[in-house]
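# Structural characterization, general
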Amino acid sequence: MSAQELLQEYQSKIGQEIYVSDWFEVTQARIDAFAAATGDHQWIHVDRARAERESPWHTTIAHGYLTLSLYPLLRGLVEEGRPFMPGVQRVINYGLDKLRFPNAVKSGSRVRARCVLLKVEAVPGGLQVTEQYTVEIEGESKPGCVAEAIMRA
């Protein structure tokens, strides 16, 4: 499929939900690994006993940027043999707009991505795709993260 054909096909999907991931558990081990990778060892993320006593959630919570960083995994962008779009060989993260963390993701929570196509435009060498990435938290009314993710394909 040519870039022009992809552009036309995906422009017809603007405003539609185009992807919903499976549920994924955000474990304390993942939170601890993220803390180690980033150097952010704030107690609200890594000290279960203190979080149980002092935090409004009574447990540890994931870093907001951990929740954001799950996008490639939840969106399926890292699945070998399953292209983002037909014929696309690579997808490059280009940036974000309107990033928000409306709700805390508690350790042990299950989350999933819901992606709505916002924009598709031709750029040199391919397409630029903008999606609204929303991290739904099982059993919660407010999402853990909402961002406009921009990719080049």
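The rules behind these values
Residues numbered from 1 in each chain as written. Predicted model: local features only at pLDDT ≥ 70, side-chain atom pairs only at ≥ 80, totals over all residues. Heavy atoms only, no water. Helix = DSSP H or I, 4+ residues; strand = E, 2+ residues; numbered from the N terminus. Salt bridge = Lys/Arg side-chain N within 4 Å of Asp/Glu carboxyl O. Buried < 20%, exposed > 50% of the residue type's maximum accessible area, 1.4 Å probe, protein only. Core = buried A, V, L, I, M, F, W, Y, C linked by side-chain atoms within 4.5 Å. Contact = heavy atoms within 4.5 Å. Phe/Tyr/Trp six-rings, centres within 6.5 Å; stacked < 30°, edge-to-face > 60°. Lys NZ or Arg CZ within 6 Å of the ring centre and 35° of its normal.

Looking at the element boundaries, Gln8 is found in helix α1 (residues 3–11). For the pair Gln8 and Leu96, spaced 88 residues apart in the sequence, the C-alpha separation amounts to 23 Å.

Here we come to the pattern of salt bridges. Using the criterion set out here, one finds nine salt bridges in the structure. For Glu17, the salt bridge is made with Arg114, and the minimal N-O distance between the two is 2.8 Å. You can see Glu17 sitting in strand β1 (residues 17–20) and its partner Arg114 sitting in strand β4 (residues 110–123), a full 97 residues away along the chain. Judged by relative accessible area, Arg114 falls into the partly exposed class, the value being 25%. What you see here is one network of salt bridges that share partners, running through Glu17, Arg112, Arg114 and Glu136.

This paragraph deals with the nonpolar core. Among the nonpolar cores identified, the biggest contains 32 residues, and Val26, Leu66, Leu70, Leu74, Met85, Val111 and Tyr133 are the most heavily contacted of them. The residues contacting Leu70, other than those within four sequence positions of it, are Phe24, Val26, Arg30, Val111 and Tyr133.

On to the packing of aromatic side chains, then. On inspection of all chains with the given rule, the structure shows two aromatic pairs. Between Tyr65 and Phe101, the aromatic rings sit 5.6 Å apart at their centres with planes inclined by 80°, giving edge-to-face as the arrangement. Taken as a pair, Tyr65 in helix α5 (residues 64–69) and Phe101 in the loop between β3 (92–100) and β4 lie far apart in primary sequence, 36 residues in all. When its relative accessible area of 34% is taken as the criterion, Phe101 is described as partly exposed. With a centroid separation of 4.6 Å and an interplanar angle of 65°, the aromatic rings of Tyr71 and Tyr133 are classed as edge-to-face. In this pair, Tyr71 is assigned in helix α6 (residues 71–75) and Tyr133 in strand β5 (residues 126–137), connecting sequence segments 62 residues apart. Overall, Tyr133 belongs to the buried group, its relative accessible area being 1%. A cation over a ring is seen here: Lys13 above Tyr10, with NZ or CZ 4.7 Å from the ring centre.

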